[in-house]
Amino acid sequence: MIADTHFERSGEGRSPAHTAPASAGAHRTLGEDGFTLVELMVVIVILGLLATIVAINVLPATGRAQSEKARADIATIEQALEMYRLDNLTYPSATDGLQALVAPPPGMSQPQRYRQGGYIKRLPDDPWGNPYRYAYPGRQGAFDVFSYGADNKEGGEGENADIGTWQ
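Residues numbered from 1 in each chain as written. Predicted model: local features only at pLDDT ≥ 70, side-chain atom pairs only at ≥ 80, totals over all residues. Heavy atoms only, no water.

Visitor: What is the right way to look at the pairing of strand β2 (residues 144-147) in this model?
Guide: For a regular strand, side chains alternate in direction, first toward one face of the sheet and then toward the other. Both faces of β2 are covered, namely the face carrying Asp-144 and Phe-146 and the face carrying Val-145 and Ser-147. In this structure, strand β1 (residues 133-135) lies alongside β2, joined through three bridges in antiparallel fashion. The residue of β2 that forms the bridge with Tyr-134 is Val-145. Of the pairings in the sheet, the one linking β2 to strand β3 (residues 163-164) comprises two bridges and is antiparallel in character. Paired with Ser-147 across the two strands is Ile-163, which belongs to β3. (Buried < 20%, exposed > 50% of the residue type's maximum accessible area, 1.4 Å probe, protein only. Helix = DSSP H or I, 4+ residues; strand = E, 2+ residues; numbered from the N terminus. Pairing = 2+ DSSP bridges.)

In structure tokens, the structure reads:
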């Protein structure tokens with residue numbers, strides 16, 4: 001009998017389902033594996049804080065990047081217009097528009113002066129998906145190339161501000 005009692009105390013006769021784990025979580029009873037509600041709430045709050053920090057720092061940078069891309073596009077178009085003027089002795093007319101940089105406009109007085117392959121491979125759209133606008137003669141200079149910004153309306157502030165050759 002004594003041997004049987006010792007056998008029962010050591011747990012050797014029990015099946016693994018009846019033994020409590022000997023790890024750090026040994027205070028839990030069977031069926032309590034997983035996370036508590038408090039632990040889950042702490043993780044959710046931490047993730048929310050991280051998402052807020054990322055949003056605060058990344059979203060304004062996106063607007064600045066779009067404005068900088070528009071300025072870079074306008075500078076490229078401006079250079080192409082200057083090359084066009086050097087070859088053809090004038091800027092494209094307002095009716096020919098920026099398309100004259102890609103293909104020779106119809107009715108050119110001296111089409112042999114037009115550079116083979118054009119002055120720009122393709123006309124980019126502004127970062128908000130609208131075509132760049134062209135005015136000749138310009139209000140601010142010999143010509144104006146500009147974008148109305150995110151709202152595609154004249155004027156505005158921030159992302160909605162007009163961006164053009166006059167800046």
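Visitor: Where do I start with the side chain of Asp-126 in this structure?
Guide: Take Asp-126: it is sitting in the loop between α2 (37-88) and β1. Non-local contacts of Asp-126, meaning those with residues more than four positions away in its chain, are made with Tyr-132 and Ser-147. (Contact = heavy atoms within 4.5 Å.)

Visitor: What exactly am I supposed to notice about the nonpolar core here?
Guide: It is characteristic of soluble globular proteins that their nonpolar side chains tend to be buried jointly. With 20 residues, the main nonpolar core has Ile-77, Leu-81, Leu-98, Leu-101 and Val-145 as its most contacted residues. Top contributing element to this core by residue count: α2, with six residues. What Leu-101 contacts, discounting residues up to four positions off in sequence, is Ile-77, Ala-80, Leu-81, Tyr-84, Tyr-114, Gly-118, Tyr-119 and Ile-120. (Core = buried A, V, L, I, M, F, W, Y, C linked by side-chain atoms within 4.5 Å.)

Visitor: Hey, could you run me through the pattern of salt bridges in this one?
Guide: Any two side chains of opposite charge can pair, on the condition that their charged atoms come close. As enumerated under the stated definition, the model contains five salt bridges in all. Here Glu-68 makes a salt bridge to Arg-71, at a shortest N to O gap of 3.4 Å. Here Glu-68 and its partner Arg-71 are both found in helix α2, three residues apart, which amounts to about one turn of the helix. Here Glu-68 falls in the partly exposed class, since its relative accessible area comes to 48%. Here Glu-154 ties to Arg-139 by a salt bridge, and the two come within 3.6 Å at their closest N and O atoms. A residue pair is termed long-range when its members are at least 10 positions apart, and Glu-154 in the loop between β2 and β3 and Arg-139 in the loop between β1 and β2 qualify at 15 residues. We classify Arg-139 as exposed; its relative accessible area is 69%. (Salt bridge = Lys/Arg side-chain N within 4 Å of Asp/Glu carboxyl O.)

Visitor: Looking at this model, I keep getting lost on the sheet that holds β2. Mind explaining?
Guide: Where strands meet in a sheet, backbone hydrogen bonds hold them as pairs that are either parallel or antiparallel. An order of β1-β2-β3 is seen for the three strands of this open sheet, with the pairing classed as antiparallel. Each end of this open sheet is capped by a strand with a single partner; those strands are β1 and β3.

Visitor: How should I be thinking about α2 in this particular structure?
Guide: Three or four residues apart is the spacing at which side chains of an α-helix point the same way, because the helix has 3.6 residues per turn. For α2, built from 52 residues, the straight-helix expectation of 76 Å at 1.5 Å per residue is met to within 8% by its first-to-last C-alpha distance of 75 Å. Taking the largest bend as the criterion, α2 deviates by roughly 25°, centred on Ala-55. Buried within α2 are the following residues: Gly-63, Ser-67, Ala-70, Asp-73, Ile-74, Ile-77, Ala-80, Leu-81, Tyr-84 and Asn-88. Looking at the packing, one finds that the buried side of α2 touches β1, β2 and β3. Just beyond α2, the residue with positive phi is Leu-89, at close to 70°. (Expected span 1.5 Å × (residues − 1). Bend = angle between axes of the 7 residues up to and from the residue.)

Visitor: Before we go on, may I ask you to explain the side chain of Ser-67 in this structure?
Guide: Inspection of the secondary structure assignment puts Ser-67 in helix α2. The buried category is assigned to Ser-67, whose relative accessible area is 12%. Ignoring any residue separated from it by four or fewer positions in sequence, one finds Ser-67 in contact with Trp-128 and Ile-163.

Visitor: Would you mind showing me how to read the packing of aromatic side chains here?
Guide: To describe a pair of aromatic rings, one takes the distance between the centres and the angle between the planes. One pass over the full model with this rule turns up eight aromatic pairs. Seen from their ring centres, Tyr-114 and Tyr-119 are 5.1 Å apart, and the 90° between their planes marks the pair as edge-to-face. Its relative accessible area of 9% is what places Tyr-114 among the buried residues. Chaining the aromatic ring pairs together yields one cluster made of Tyr-91, Tyr-134, Tyr-136 and Phe-143. (Phe/Tyr/Trp six-rings, centres within 6.5 Å; stacked < 30°, edge-to-face > 60°.)

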